Amino acid sequence: MTLTDGSQRQLPAGATGAERAAAIGPGLARAAVAVKVDGAVRDLGRPLDDGATVAILTERDPEALEVLRHSAAHVLATAVRELFPEAGIGFGPPIDDGFYYDFAVPRPFTPDDLAAIEARMAAVVEADHPFEREVVDRDAANRRFADDPLKLERIAELGDDETITVYTDGPFTDLCRGPHIPSTGRLKHVKLLSAAGAYWRGDSSRQMLQRIYGTAFFKKDDLAQHLHRLEESKKRDHRRVGRELDLFHFLPVAPGAAFWTERGTAIYNELVAVMRELQRDGYREIRTPLLFNKALWETSGHWGKYRENMFLVLDSETGEHDFSLKPMNCPSHHLLYATAKHSYRELPIRYVTYDVLHRNEVSGALSGLTRVRQFAQDDCHIYLREDQIPVEVQRLTDFILGYYRLFGLEARLKFATRPEQRIGDDAMWDRAEGALREALERTGLPYELKAGDGAFYGPKIDFDVTDAIGRAWQLGTIQLDYAAPERFDLGYVGEDNHEHRPVIIHRAVNGSFERFIAILIEHFAGAFPVWLAPEQVRVLPIGEDQHEAAAALTTRLRDAGLRAELHARETLNYRIREGELAKVPYLAVVGQREADAGTVAVRTRGAGTKQQVMPAEEFVAKVVAEARGRELVP
RNA sequence: GCCACUGUAGCUCAGGGGUAGAGCACUCGAUUCGUAAUCGAGCGGUCGUCGGUUCAAAUCCGACCAGUGGCUCCA
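This one's a predicted model, so the numbers in the text were calculated from it and none came from an experiment.

Conventions adopted
Residues numbered from 1 in each chain as written. Chains lettered and ligands numbered in written order. Predicted model: local features only at pLDDT ≥ 70, side-chain atom pairs only at ≥ 80, totals over all residues. Heavy atoms only, no water. Near = heavy atom within 4 Å. Polar contact = N/O pair within 3.5 Å; in protein donor to acceptor, adjacent residues only side chain to side chain. Helix = DSSP H or I, 4+ residues; strand = E, 2+ residues; numbered from the N terminus. Axes fitted to C-alpha atoms, helices over the stretch in contact; angles between N-to-C directions. Parallel < 35°, antiparallel > 145°, perpendicular 65-115°, else oblique. Left-handed = near helix turned anticlockwise from the far one by under 90°. Contact = heavy atoms within 4.5 Å. Nonpolar A, V, L, I, M, F, W, Y, C, P; charged D, E, K, R; others polar. Buried < 20%, exposed > 50% of the residue type's maximum accessible area, 1.4 Å probe, protein only. Pairing = 2+ DSSP bridges. Domains from an automatic or database assignment. Core = buried A, V, L, I, M, F, W, Y, C linked by side-chain atoms within 4.5 Å.

## Overview of the protein's contact with RNA strand B
Near RNA strand B you find 49 residues, and of these Y199, S363, R577, E594 and Q611 are the closest. Close to the protein, within 4 Å, the atoms of RNA strand B are drawn from sugar and phosphate at a rate of 49%. At a separation of 2.7 Å, a phosphate oxygen of RNA strand B approaches a polar side-chain atom of R239. Between a phosphate oxygen of RNA strand B and a side-chain N or O atom of R243, the distance comes to 3.0 Å. Looking at the surface near RNA strand B, the elements with two or more residues in it are β11 (189-199), β12 (208-217), α8 (238-244), α11 (302-306), α18 (572-581), α19 (592-597) and β33 (599-604).

## A closer look at the packing of helix α9 (residues 262-278) against helix α16 (residues 513-524)
Think of two packed helices as two axes; the pair is described by the angle between the axes and how far apart they sit. Across the interface, α9 lies against α16 with an axial gap of 11 Å and an inter-helix angle of 110°. In terms of orientation, α9 lies roughly perpendicular with respect to α16. In the crossing of α9 with α16, the sense of the turn from one axis to the other is right-handed. Across from I267, Y268, L271, V272 and M275 in α9, the residues of α16 making contact are F513, E514, F516, I517 and L520. Residues of the contact of α9 with α16, tallied by class, amount to 9 nonpolar, no polar and 1 charged.

## Remarks on the side chain of D113
Note on placement: D113 falls in helix α4 (residues 111-127). Here D113 falls in the buried class, since its relative accessible area comes to 10%. In this structure the side chain of D113 is engaged in a polar contact, spanning 2.7 Å, whose partner is the side chain of R107. Not counting chain neighbours up to four residues away, the residues in contact with D113 comprise F84, R107 and P108.

## Section: the sheet that holds strand β18 (residues 323-325)
The sheet built from 3 strands is open, its strands ordered β16-β18-β17 with antiparallel pairing. Every other strand in the sheet has two partners, leaving β16 (291-293) and β17 (312-313) as the edge strands with one partner each. Two strands pair when backbone bridges link them, and β16 and β18 are joined in this way by 3 bridges, in the antiparallel orientation. Across the sheet, residue N293 finds its bridge partner in β18, namely F323.

## Some details on the domain arrangement of chain A
Per the domain assignment, the segments of chain A are domain 1 (2-58), domain 2 (63-234), domain 3 (276-290 + 326-523) and domain 4 (537-628). A straight line from the C-alpha centre of domain 1 to that of domain 3 covers 50 Å.

## Observations regarding the nonpolar core
With 81 residues, the main nonpolar core has Y403, Y404, F407 and F619 as its most contacted residues. Composition of this core by domain shows at least three residues from each of domain 3 (276-290 + 326-523) and domain 4 (537-628). Judged by nonpolar contacts, the second largest core, of 34 residues, contains V33, A34, I117 and A216.

Here it is, written out as structure tokens:
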């Protein structure tokens, strides 16, 4: 066989991965978790194929962590079966941050159950049961899982050409493709996190199973770090920070719709202002109605499928739900486009809107600002000729990435191509995908291909940003649309003096302002750069004698266009603490020395007592420059 | 929409079948302070809503509403 370093080794026939590792050295034998044979991860205990390329996976390999977590799921099931012998067994895969297992049990698991199960798991680990793999035929599999309808259903779906394998660790046997760690004793650092309901096969018409989530690591420190990260992200949770910094509130009378305080509104307005500034040239900001007759949704095709997600409004004359709040801007933009005859010379025409939208999300889906019923998109529709697509997409990509950079956010691009369910012929899709791909290639940026993930009306590019703590969010999108121009019978007069169909690009950068602000809150942990901060400077006179000088400074800051507040009550210590907790970028302290000299003692957020005394004029200019330049400070 | 959990003062939380408690916030008074909580007093809730059980319910039960964790959904 060949090792991954290219060297060749001879081993006796039927030698296993474990023996292979041992042949190299005892250290590797201990560290080995699984083995990769010709690219496929396998159990250490399986015989190696003659002539195969072999790599020993150790605790350092990400694939080994998956194996560990998959085995952790089995250990979980082992424990659950001991405590709840009647439990049906669903699926138990490794996931990004851990693993889960679904069980069919008569009642949901309680926190006490989880504690008991975790204790039981420790015993299973202690027992160090080997994971034993067995190949069985269909009849044997059916017999073995005769008492578990979920497993029987799964077995029935397996193709005749598939090898059916079962794995046993101690008392527990599961239908499973594997691979697994050699024995349960390798599972040292595991933690159950939560229990929740989940539909069998992810199908909301099927039965609800009880899912237990957990995570596992090879190293104690890694587990501790992971749990610490979970705590940290809880601290950054935008719902918590939003309350602590008094940015927005949700009240039961308007589920899924935020009440923005003046502080939250300042952030909101700042984002809209940036978008306006960046779209000063070449864009046309428009406003269209919020309430529409259903005829519009019939034209757009939304009335049939998506009506249940729209807020319908009763017409008092007809007594019918003939009107609806708009859930999207697209159709109204198309209508406005169609109010005039357009020349090819005008294109591309770019409409932008920040109107409020309403979507009746199912109650269980609502979550803080990330999933709301009322929101505003930075919605843009571009009407253009097909030959203009590459240049326009390039322009949009630059725009979007440039925008994210303002916040220190990096984006990854995804190219989504024709889905199974789609309109238009292959020639249209070839042209559309070709144009998008060409534009993507021109950016020189790496991108991921998501084949079949496009919209039914055209291919798209999605932008995933990664925030400060490494979480990915799908934000921006560039979608080509060949369907709407047909439905709305849109046209332009070409150079040849004939009517042509334009193509439409749907573009969003923030997604929705609500969701984007949620992401920013968590990204910055509430410590916004000065240009975004709801309160940019807080002026603190030390004593009453400096009140006048401090008030003058506050006015000066405001005159310069900054958001500044004067705080004169309570002790200086109290106000410093308050200012730090409110994450105000600059605390401008004015004592007698400063009042006399026309200076200010600046305490920068996070810099502690390292204050800087500077002329008031200089301070104002500095903050104005930082805010105007949208610098990521302090 | 589905499963589970939660719902006590503006916030964080304690209590718990016999007529509600702390800290912070807020108000008032004193203090006028040089970089992360000055001291004191006071105001404030009928315990998410509605209904049931009970001599008695905030406490037990049910329904509903909202939130949280998931599932489903996200044009």
